[in-house]
Amino acid sequence: MSGAEVFVCGAGITSFARTEVSGRELAVQAVRAALADAGLPWSRVRAAYGGSDAGGNADTLVTELGLTGVPFTNVRNGCATGGSALVAAANAIRSGAADVALAVGFDKHPRGAFDPRPADWGLDEAYGRDGLMVTTQFFAMKIQRYVHDHGISARTLGLVAEKAYANGVLNPHAWRRKPLDAEEILASGMVNDPLTRYMFCSPGQGAVALVLCGRAAARALGGTPIALRAAVVRTRRFGSFEVFSPWAPPGTPTSVSADAAQHAFEEAGLGPGDIDVCQLQDTESGAEVMHLAECGFCEHGEQESLIPFGATRIDGSLPVNTDGGCIANGEPIGASGLRQVHEIVQQLRGRAGERQVPNEPSTGFTHVYGAPGVSACTVLTR
């Protein structure tokens, strides 16, 4: 990794459960919590980056945080909004433009499914008429092909969601905190074959903020800084099969998630086998299954010999989505990627409470995926 070292010195999060609080108010809460965690005042922040899909403009948070003149850049990059804000904040540290930087992501979506418009994505209106702007359709098509090609069972899809709800019970910030077993999940009603109702996440609300520091600033603070070894964002290459672009040429599709993960590991100088705990985008059960392989943690089809035997549980060989992931927390677009990083920071600090991974994990990985084919990944170490 080029440039100065980057450390996460403060992390703040709000509840992801439904409240009447506005998205901006949630963001202010998260920023203040992150600053308190770092032991820094708002006036010490030298650069800030933040974003939201539906919750408001991040730069206006200075009204509540303080009018210090800090350069504050709005970021909007779909599901990679939080990851893109983090990359920008990290680059400010690496370049020497700032020694303390903030990344914040937040959202508050209305109830019901996302309602994207084809024209906003450069698509013909026929996409909407044919139902292809409905994200559940895309995820079902992708996992349908995957289970056919790699022998993934419906029960494995149910077990992914079962684990998510079980981990959500242990997370005081999660939206859904009721356990559900695989049988109930499989019987919850088909939405898009093979995905049932309780296999999906939902649009939601929440905010997360991270305070990043260079080495000298981190050393002066003390505490438990976590090294951000890599933070990357990648967009799709030709041949990929993506949300809002549901076609692919013949042959094996490329994967933007695989590209982002590979670049993150190269930047960090580590590999999938070095990771103790990870967060993978689980928009629905099939996504977690596919992303396990796309990010390099197993071979395609090997999930069937890992997930049913507990490998991805908190006490397994590779704990995945220890906070319940999107399935238990919901998906506030701006906050989702930073929620993943917040969870890894808590795990590496040993502060994850009832969901703490045993044996003092020292390395973590996060991955987010979204329309129209963008992925953000990080690698963190203690």
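Only a predicted model underlies this, so the values are computations on that prediction, with no experimental measurement involved.

(A) View of the nonpolar core. Residues F297 and F365 are the most contacted members of the largest nonpolar core, which totals 51 residues. Elements represented by at least two residues in this core include exactly helix 5 (135–150), helix 6 (154–169), helix 7 (182–186), strand 8 (226–235), helix 9 (256–268), helix 10 (285–294), strand 10 (363–370) and strand 11 (374–381). When sequence neighbours within four positions are dropped, the list of residues in contact with F297 reads F265, P272, I275, C278, L280, L292, L318 and F365.

(B) Focus on unusual backbone geometry. Following D193, the chain continues into P194 via a peptide bond in cis, with omega recorded as 10°. Its location among the elements puts P194 in the loop between strand 5 (190–192) and strand 6 (195–196). In this chain, A371 is followed by P372 through a cis amide linkage whose omega measures -5°. Structurally, P372 can be placed in the loop between strand 10 and strand 11. For N359, which is not a glycine, the phi torsion comes out positive at approximately 65°. Turning to its location among the elements, N359 is positioned in the loop between helix 12 (333–349) and strand 10. If you check the backbone angles, E360 has positive phi at about 50° while not being a glycine. With respect to the helices and strands, E360 occurs in the loop between helix 12 and strand 10.

(C) Region of interest: the packing of aromatic side chains. The full count for this structure, using the stated rule, is six aromatic pairs. Aromatic pair W121 and F244: ring centres 4.8 Å apart, planes at 65°, arrangement edge-to-face. Residue W121 is found in the loop between strand 4 (100–108) and helix 4 (126–129), and its partner F244 is found in the loop between strand 8 and helix 9; the two are separated by 123 residues along the sequence. On the basis of relative accessible area, F244 is assigned to the buried category, the value being 6%. Look at F297 and F365: their rings are 5.3 Å apart centre to centre, the planes differ by 70°, and that puts the pair in the edge-to-face class. With F297 in the loop between helix 10 and helix 11 (325–329) and F365 in strand 10, the pair connects residues that are 68 residues apart, well separated along the chain. Three or more aromatic residues link up through ring pairs in this structure, and these residues are F138, F139 and F241. The ring of Y369 is capped by K142, whose NZ or CZ atom sits 5.6 Å from the centre of that ring. Its end group placed over the ring of W175, R176 keeps NZ or CZ at 4.4 Å from the ring centre.

(D) Up close: the packing of helix 3 (residues 81–95) against helix 12. Closest axis-to-axis distance for the helix 3/helix 12 pair is 5 Å, and the angle between their directions is 60°. Residues T81, G82 and L86 of helix 3 form the contact with helix 12, whose own contacting residues are G334, L338 and V341. Residues that form the contact of helix 3 with helix 12 fall into these classes: three nonpolar, three polar and no charged.

(E) Here's a closer look at the layout of surface pockets. Approximately 1,000 Å³ is the volume attributed to the largest pocket. Around the largest pocket, the lining comprises 41 residues; the ones closest to its centre are A113, F114, T135, P203 and E331. The set of elements that each furnish at least two residues to the lining of the largest pocket consists of helix 5 and strand 10. Counting residues per element, the lining of the largest pocket draws most heavily on helix 5, which supplies three residues. Here the residues of the lining of the largest pocket sort into 21 nonpolar, nine polar and 11 charged. Put simply, the second largest pocket is a space of about 400 Å³. Around the second largest pocket sit 16 residues that line it, and K142, Y146, T252, P253 and E294 are the ones nearest its centre.

(F) Broad picture of the pattern of salt bridges. Taken as a whole, this structure holds 15 salt bridges when the rule is applied. Notably, a salt bridge pairs D53 with R76, separated by 3.1 Å at the nearest N-O pair. Taken as a pair, D53 in the loop between strand 2 (47–51) and helix 2 (62–65) and R76 in the loop between strand 3 (72–74) and helix 3 lie far apart in primary sequence, 23 residues in all. The class of D53 is partly exposed, set by a relative accessible area of 29%. The exposure class assigned to R76 is exposed, which follows from its relative accessible area of 61%. Close ionic contact of E183 with R155 constitutes a salt bridge, the shortest N to O distance being 2.8 Å. Within this pair, whereas E183 is found in helix 7, its partner R155 is found in helix 6, the two being separated by 28 residues in sequence.

Parameters and conventions
- Residues numbered from 1 in each chain as written.
- Predicted model: local features only at pLDDT ≥ 70, side-chain atom pairs only at ≥ 80, totals over all residues.
- Heavy atoms only, no water.
- Core = buried A, V, L, I, M, F, W, Y, C linked by side-chain atoms within 4.5 Å.
- Buried < 20%, exposed > 50% of the residue type's maximum accessible area, 1.4 Å probe, protein only.
- Helix = DSSP H or I, 4+ residues; strand = E, 2+ residues; numbered from the N terminus.
- Contact = heavy atoms within 4.5 Å.
- Phe/Tyr/Trp six-rings, centres within 6.5 Å; stacked < 30°, edge-to-face > 60°.
- Lys NZ or Arg CZ within 6 Å of the ring centre and 35° of its normal.
- Axes fitted to C-alpha atoms, helices over the stretch in contact; angles between N-to-C directions.
- Nonpolar A, V, L, I, M, F, W, Y, C, P; charged D, E, K, R; others polar.
- 1 Å grid on protein atoms, 1.4 Å probe; cavity = no way out; pocket = protein on both sides within 12 Å on 5 of 7 lines; lining within 4 Å.
- Points joined across faces, edges and corners; volume = space filled by probe spheres on them.
- Salt bridge = Lys/Arg side-chain N within 4 Å of Asp/Glu carboxyl O.

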